[in-house]
Structure formats: structure tokens, C-alpha cells
Amino acid sequence: MKNKQNMQATPAKKHQQNNKPKQPSQHTDNRQGRNPKSNQRPQTAGAHKQKQGNRPVNAKQRGKLKVMFLGGVGEIGKNMTLFEYGDSIVVLDVGMAFPSSDMPGVDIVIPDVTYLTENRNRVKGILLTHGHEDHIGALPFVVEMLGGKVDVYGTRLTLALVENKLMEHGVFDKVNLVPVSDRSVVSLGEMSAEFIHVSHSVAGSVAVCLRTPVGTVLHTGDFKIDYTPLGNEIMNLNRIAEIGKQGVLLLMSESTNVEKPGYTMSETVVRETINSVFQEAKGRRIIIATFASNVDRLSMIIELAKIYRRKIVLTGKSMSKYIETAARVGIISIDNGMFVDIDKIGSIEDGRLLILSTGSQGEPMSALTRMASGEFNKVQIGSNDTIVISANPIPGNERDVYNVVNKLYRLGANVVYSALSAVHVSGHACQEDLKLIYTLVKPKYFIPVHGEYRHLKQHATLVENLKHKKGNVIIPDIGDCVEIDRNTFKVAGQIASGSVMVDGLGVGDVGNAVLRDRLTLSEDGILVCVVGLNKRTGKIATDIEIVSRGCFFQGDGANPIDELKQEVKQEIAKLSNQGVGSISGIKTSIQKVIRHYFRVNWKRNPVVLPIILEV
């Protein structure tokens, strides 16, 4: 349930007091796109500079619009796009990605923003489409690199989630949070942006209509078309159609579900399924794991718990944080009397209890995974539990998710998951949704975004089948700079781009060499060889010490350590006879001998660290 009375609240009182955010001249109601006190269409900030949907009145075309991609194309995650005209740069989203299997030890991956830092004085603002990590997760790192203070625009929930991240990283004073809503317009140097409400799997999601001196660009953000969404926040298709009639030079549309035919199912389908679970689980304890960011679904589940008179226990830090944040800005209406501390669940009968949990993707340290493994001392799973995993496994997570399901079944629980029932629907547009947006907009140029290369290629084919001119479609790569005006549409070069790895407090200090060593360590182990040499004669003065981890198993047979010591002794004796006395030369020779031994005898290539002590 949404709190309509609080729809005009800023993301938090904290930054009202300490950060004094700029405001559009008049906020619109986030549901209807109108001022709740008037039936007239609002005059939003920057409106005096605009014609009806084309370009700022006072702007004269002095060049081409540049669209540059720092992430989010050819990959899932790390979404970040730059729009540059003249002396103005506008940033759309600042996302992160999770590390792949070949990045051991890395926490997250963020875009390389070298181009942005080199042009810091031209940055007019950062626009955020919604509050998912792949769109906001890199913001604390980027604002730290930019220095100074930067304006960040987003809806109330998006900015509230951003505020949490900025406070955690200690960079809250480096941003000016500017709340916007449906139909808000803001001026950004030689460009302006209008925000348009869209449906997605997190509340407060928007598309962005960027008006430039060369024409209008519409970026859909992440969206799906849902005519019966939870909370009745219906996507503002009317405004998108109006913008289409006014003329759109470039459409940039997300491509995540382009391979799926038909329409994306409505979120109300999930409500019906979970309602049935409540009805059928009389006398049983219910545990529901879902994405903490899907606050509309959480609101629906909390509403059902109230109807069926169940107390709610929250497990998982992110679950508690998202619900607290959504309640703070009025997105979720909660009754504090419904929530109980996890330590008190023993005093509540199973039929009166609902546990909301993290772990819908089988994350190793999540609450549900620890319950399934018997490692969560607060909750023990048994035969009187009905467990709902309200999410589809993200590609790559299938094995982890089904391992959790198998363990829950072994413990006697009844498990409801996406392969059996409609407990989850996607927040991304399928083919028919994408076709509808394209048909409403009818752009001159088209760029598919938000997907791996196969998604972008399929989306390009989809619009070409709708009679879009093939030469007016570009499938971009990260780093591409696309130049656009009414007669130009081409990739005109590259800017600095790539991935920056964040490992603990280190940002960018983990490179390919470090990753190679970590991968070698994980696959072949490490061996340390300590040799004491007589400083005067260069001969071995002490026993050779060899310590290994992960290289081999020292069983009852031949002892590899003794063989290696003998190999090292022979090599040092040879070097001594040849007059090789430099420490670096001896270390290199020891490494070669040991590596050759492992290649020949074990087909392995461990990390070898020789240590020479002169005595």
C-alpha cells in the first residue's frame, strides 16, 4: 500500500537539513503526473526554456550530440551513459556489476570514468532511472572521483536508497540530491530532461526524455508494460505517445527480455499466487524469500500478512534496510505492531507467523541459504514450513538456487518456486512491450541498450522488422562515441572505458596481473622456497625450507619436498660454479627449476616465491 499523503516528501529529512536539495519549481504527483492541488498541468523547472517537446527555445545548434557508453551495453550491469553537447555533459545512471568467476576476491566492478573526471567542469548532473544496484551502485565511488559537488536527480525512493549508500561511504556531502517525479523537467546546461514514470520491479522507476539542440532523445530505462501494477502506478504511456507525436530523434530502449515473445505478466499474478499460499498454509509457518529491492511486492506481502493476521519477522540486513527506507519516504505503509524480533518467534504459533527473508538467489551467506544448511540458529526448518522463493534464478545462479531447494525439501519443508508456480514475474519488457514502445515513439534513430550483445542484436532485428531503416540502427560497444544530428548517425570514435575492480578499500588497484596470480593460486596453489646462502662464498649455508599450500598432497609415497630440495641444491651449486652471484639471478633460476619440476611431474603451475637469506 502506498501512502498518498506523503507523495511529495523529499527522500529524507536528513538532506533537507544538511544538504538542502534543489527542487524542481513544482513537483507533480508521482501517480497521475499532476499537481494534487490543481487540475492544471504543472509548470516544471526549466519549462520556460522549452518548446513543446523538441529543443530549448534559446538553443542554436552548434554541433552534434555525442552519446558515449561507459557500461550497460554488451553486458548485464554497470549501466552508465554520457550525453554531451557543447559545454554540457549529462550522465544517465551510474551502475555497478558483480564480479565474474574469473575475478576472485573482487567485491564489485564499476565503470572507468576517466573521460568524466577529465571533463568534470562540464558535468551538469547525474540522472538516475531507478534504485537497482546495476544503475546506482557505483555512485559513491564516482562522486568521490569527480570531487566537488554534483547534482543527482531521481525519484524519492531512488534518492533514499542512494542516500544510504552515500552515507555508508562517507561521501554524502559531495552530492546535491534533487528529487523529481512523473513529468518533472530540469534544466541541464544546453539540455533539459523530463522524467516519465514507468513500471518496473522497483518503485519510482522513470524513463528520461532528454531534449537537446539537435532533437529529442528518449531513454526508456528498465521497464515493462503492466496495466494492473501493484500500487496502481501505471506507466505513463500517454506522455510517451505525446512525445512520440512531437518527434523523437533517438530512442534508446532496454533489451533484457527481447528474446521472450509476448507480453510480460502483471505483478497481480504474483499476488494471486501468494494469496493462495496464505490460504493453503493454515496452521503452517510461511517463509518468503524475494528481492529486497522489489518494495511493491514486499508491500503486497505485508498487506496479505495483515489480512491473514500473521506477525512478520525480517531476516537479512538488506530486507530490513529496504523496508525501512521505503517506509521512511512513504512508499510502504506499515503497522509496527505487526513486526516482531526474530528472538521472539518461539512464542508465536506457526500459523500466525511470516518470515520475510533474503536469499532468493542462493547467495552463500543469505538468511535462506543458512536456514537450508542448518547454520541459522534463529530458525530451524521443519515439516510445518511452507517456503516461497519469489524470484527466478538469475542466469549463473541456477545451481545455487536449486541446491537450496533440495536442502529445504530434505528438511521436510514444502517449497514453492518459479518452476512450479507463478511466484515471480519479470520487471523487464518482452517483445510485444518493446514493439509497443517503438510504435508509440517512431524514432528516426534507434540504439538498443541494457543487454548482452545477443540481446542488442535481437532488439535491432525486432525494430528492423517493424520497418525501421537498418542504417538508422547502431549496436554500441562500451567506449563507443556515437555522433548524432538530423543528418548524422555514426560511431565517431572511442573514449577511455573499461572495468575498474573494487576490492575492499582498494579501487582500481587490482589489475589483470593480480587476477592472474589469484586464479593461479586458486587452481595450482603456492610454494615458498627459503634458502640461506653464505654471503662470501655463495654456497648454501642452512637447510632449504619449502612450504606449499594447494600444490600437492604429501602422502606415504615419494616425498616431493625432498625431491624439490635436491633440485634446488643442484641448481645453486651450478650457479656458484658459474659465478652467478646476484640475488635476483638466483631467485629467477630457483623459480624456473621448481616450475619445470611441477610441469613435468604434476602438470601444474603454482605460484613460486623464492626467498634468499644471506648469512
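Computed from a predicted structure; not experimentally measured.

K.L.:
With reference to specific residues and values, describe the overall build of the protein.
P.N.:
In terms of regular secondary structure, the protein is built from 16 helices and 25 strands. Relative to its 615 residues, the protein shows a buried fraction of 55%. Within the protein, residue pairs in contact and separated by at least 24 positions form 73% of the contacts whose partners lie at least 6 positions apart.

K.L.:
Outline the pairing of strand S10 (residues 206-212), listing residues and values.
P.N.:
The side chains of a regular strand alternate between the sheet's two faces. Burial runs high along S10: 7 of the 7 residues are buried. Residues Val-206, Val-208, Leu-210 and Thr-212 of S10 are buried on one face, and the alternating residues Ala-207, Cys-209 and Arg-211, pointing to the opposite face, are buried as well. Where strand S9 (residues 191-197) and S10 come together, 6 bridges link them in antiparallel fashion. Within the sheet, the bridge partner assigned to Ser-192 lies in S10 and is Arg-211. In the sheet, S10 pairs with strand S11 (residues 215-219) via 5 bridges, with the strands oriented antiparallel. When the sheet's bridge partners are listed, Leu-210 is paired in S11 with Val-217. Here S10 hands over to S11 after 2 residues, the two strands then running antiparallel side by side.

K.L.:
So what's going on with the pattern of salt bridges? Residues and values would help.
P.N.:
Using the criterion set out here, one finds 19 salt bridges in the structure. Arg-183 is paired through a salt bridge with Glu-194; the nearest N and O atoms lie 3.1 Å apart. Highlighted residues: Arg-183 in the loop between strand S7 (175-179) and strand S8 (185-188) and Glu-194 in strand S9, separated in sequence by 11 residues. Glu-194 matches Arg-183 in its accessibility class, with the two residues each being buried. Of the charged contacts in the structure, one is a salt bridge between Arg-285 and Asp-385, with a shortest N-O distance of 2.6 Å. Of this pair, Arg-285 sits in strand S13 (residues 285-290) while Asp-385 is found in strand S16 (residues 385-390), placing the two residues 100 residues apart along the sequence. Using a relative accessible area of 8% as the deciding quantity, one classes Arg-285 as buried. Several salt bridges converge on common partners, so that one network encompasses Arg-183, Glu-194, Arg-211, Arg-239 and Glu-242.

K.L.:
Please set out the side chain of Asp-93 residue by residue, giving values where relevant.
P.N.:
Along the chain, Asp-93 falls in the loop between strand S3 (88-92) and strand S4 (108-111). For the buried Asp-93, no salt bridge exists, and the shortest N-O distance to an oppositely charged side chain is 13 Å, to Lys-165. Polar contacts involving the side chain of Asp-93 include one to the main-chain amide nitrogen of Thr-129, which spans 2.9 Å. Apart from the residues lying within four places of it in its own chain, the contact partners of Asp-93 are Asn-79, Met-80, Thr-81, Leu-127, Leu-128, Thr-129, His-130 and His-135.

K.L.:
Outline the environment of Cys-551, supporting the account with residue identities and numerical values.
P.N.:
When you line up the elements, Cys-551 lands in the loop between strand S24 (545-549) and helix H15 (560-578). Taking the C-alpha atoms as reference points, Cys-551 and Arg-604, separated by 53 residues in sequence, lie 8.0 Å from one another. In this structure, Cys-551 is in contact with Asp-524, Gly-525, Ile-526, Leu-527, Phe-598, Arg-604 and Pro-606, ignoring residues within four places of it in sequence.

K.L.:
Describe in detail the confidence of the model for the protein, supporting the description with residues and values.
P.N.:
On average, residues of the protein score 85 in pLDDT, and 84% of them are at 70 or above. Between residues 1-21, whose pLDDT stays under 50, and residues either more than four places distant or in other chains, the model counts 61 contacts. Confidence drops under pLDDT 50 across residues 25-58; counting only partners more than four residues distant or on other chains, this segment forms 90 contacts.

K.L.:
Help me get a handle on the environment of Glu-272, residues and values and all.
P.N.:
Structurally, the position occupied by Glu-272 is in helix H7 (residues 268-280). Among the residues examined, Glu-272 registers a relative accessible area of 54% and is labelled exposed.

K.L.:
Please set out a nonpolar patch on the surface residue by residue, giving values where relevant.
P.N.:
A cluster of nonpolar side chains, Ile-611, Leu-613 and Val-615, forms an exposed patch at the surface whose accessible area comes to about 260 Å². Turning to its location among the elements, Val-615 is positioned in the segment after strand S25 (607-614).

K.L.:
Before we move on, can you summarise unusual backbone geometry with the specific residues and values?
P.N.:
Although it is not a glycine, Asp-93 adopts a positive phi angle of roughly 70 degrees. Of note in the backbone geometry, Lys-442 takes a positive phi value of approximately 50 degrees without being a glycine. Assignment of secondary structure puts Lys-442 in the loop between helix H12 (431-441) and strand S18 (445-449).

K.L.:
Kindly report on the packing of aromatic side chains, identifying the contributing residues and their values.
P.N.:
Aromatic rings considered in pairs are described by the distance between their centres and by the relative angle of their planes. In this structure the tally under the stated criterion is 5 aromatic pairs. Where Tyr-438 meets Phe-446, the ring centres are 6.3 Å apart and the plane angle is 85 degrees; that geometry is what we call edge-to-face. Of the two residues, Tyr-438 and Phe-446, both sit in the buried class. Considering the side-chain rings of Tyr-445 and Phe-489, the 4.3 Å spacing of their centres and the 10 degrees angle between planes classify their relative orientation as stacked.

K.L.:
Lay out the sheet that holds strand S17 (residues 414-416) in plain terms, naming residues and giving numbers.
P.N.:
In space, the 5 strands of this open sheet follow the order S14-S15-S13-S16-S17, with parallel pairing throughout. In this open sheet, the two edge strands, each paired with only one partner strand, are strand S14 (311-315) and S17. Along the sheet, successive strands turn relative to each other by an average axial angle of 20 degrees, direction set aside.

K.L.:
Mind laying out the nonpolar core, listing which residues take part and the relevant values?
P.N.:
Counting 72 residues, the largest nonpolar core has Leu-82, Leu-116 and Leu-356 as the members making the most contacts within it. Examining the composition of this core, we find that 7 residues originate from one element, helix H8 (residues 295-307), more than from any other. Once you skip the residues sitting within four places of it in the chain, Leu-82 turns out to touch Lys-66, Val-67, Met-68, Leu-70, Ile-89, Val-90, Val-91, Tyr-115, Leu-116 and Ile-495. Within the second largest apolar cluster, 33 residues are counted, among which are Val-67, Phe-83, Met-252 and Ile-447.

K.L.:
Give a detailed account of the packing of H12 against helix H13 (residues 453-464), specifying residues and quantitative values.
P.N.:
Contact pair H12 / H13: the axes reach a minimum separation of 11 Å and the direction vectors enclose 55 degrees. Between H12 and H13, the crossing angle belongs to the class labelled oblique. Remark: the crossing between H12 and H13 carries right-handed chirality. On H13, the residues that touch Gln-431, Leu-434, Lys-435 and Tyr-438 of H12 are His-459, Leu-462 and Val-463. Grouping the amino acids of the contact of H12 with H13 by side-chain chemistry returns 4 nonpolar, 2 polar and 1 charged.

K.L.:
Which residues make up the pairing of S16, and what values go with them?
P.N.:
Taken across its 6 residues, S16 has 6 buried, putting it largely inside the fold. Neither face of S16 is open: one carries Asp-385, Ile-387 and Ile-389, the other Thr-386, Val-388 and Ser-390, and all of them are buried. Taken together, the 6 bridges between S13 and S16 define a ladder with parallel strand orientation. Within the sheet, the bridge partner assigned to Ile-288 lies in S16 and is Val-388. Of the strand pairs in this sheet, S16 and S17 are connected by 3 bridges, and their pairing is parallel.

K.L.:
Kindly report on the sheet that holds strand S2 (residues 80-85), identifying the contributing residues and their values.
P.N.:
Sheet architecture is open: 8 strands sit in the order S7-S6-S5-S3-S2-S1-S19-S20, paired in mixed fashion. Each of the sheet's edge strands pairs with one partner strand only, and the pair in question is S7 and strand S20 (489-494). Sheet twist, expressed as the average angle between the axes of neighbouring strands with direction ignored, equals 25 degrees. In the sheet, strand S1 (residues 65-71) pairs with S2 via 5 bridges, with the strands oriented antiparallel. Residue pairing for S2: Lys-66 is matched across the bridge by Glu-84. Seen against the sheet, helix H5 (residues 156-169) touches strand S6 (150-154) and S7 and runs at an angle of roughly 160 degrees to S7.

What counts and how
- Residues numbered from 1 in each chain as written.
- Predicted model: local features only at pLDDT ≥ 70, side-chain atom pairs only at ≥ 80, totals over all residues.
- Heavy atoms only, no water.
- Helix = DSSP H or I, 4+ residues; strand = E, 2+ residues; numbered from the N terminus.
- Buried < 20%, exposed > 50% of the residue type's maximum accessible area, 1.4 Å probe, protein only.
- Contact = heavy atoms within 4.5 Å.
- Pairing = 2+ DSSP bridges.
- Salt bridge = Lys/Arg side-chain N within 4 Å of Asp/Glu carboxyl O.
- Lys, Arg positive; Asp, Glu negative; His and termini not counted.
- Polar contact = N/O pair within 3.5 Å; in protein donor to acceptor, adjacent residues only side chain to side chain.
- pLDDT = per-residue confidence, 0-100.
- Patch = residues over 30% accessible without salt bridge, like charges linked within 9 Å, V, L, I, M, F, W, Y side chains within 5 Å.
- Areas by Shrake-Rupley, 256 points an atom, 1.4 Å probe, with all protein chains shown as cover.
- Phe/Tyr/Trp six-rings, centres within 6.5 Å; stacked < 30°, edge-to-face > 60°.
- Axes fitted to C-alpha atoms, helices over the stretch in contact; angles between N-to-C directions.
- Core = buried A, V, L, I, M, F, W, Y, C linked by side-chain atoms within 4.5 Å.
- Parallel < 35°, antiparallel > 145°, perpendicular 65-115°, else oblique.
- Left-handed = near helix turned anticlockwise from the far one by under 90°.
- Nonpolar A, V, L, I, M, F, W, Y, C, P; charged D, E, K, R; others polar.

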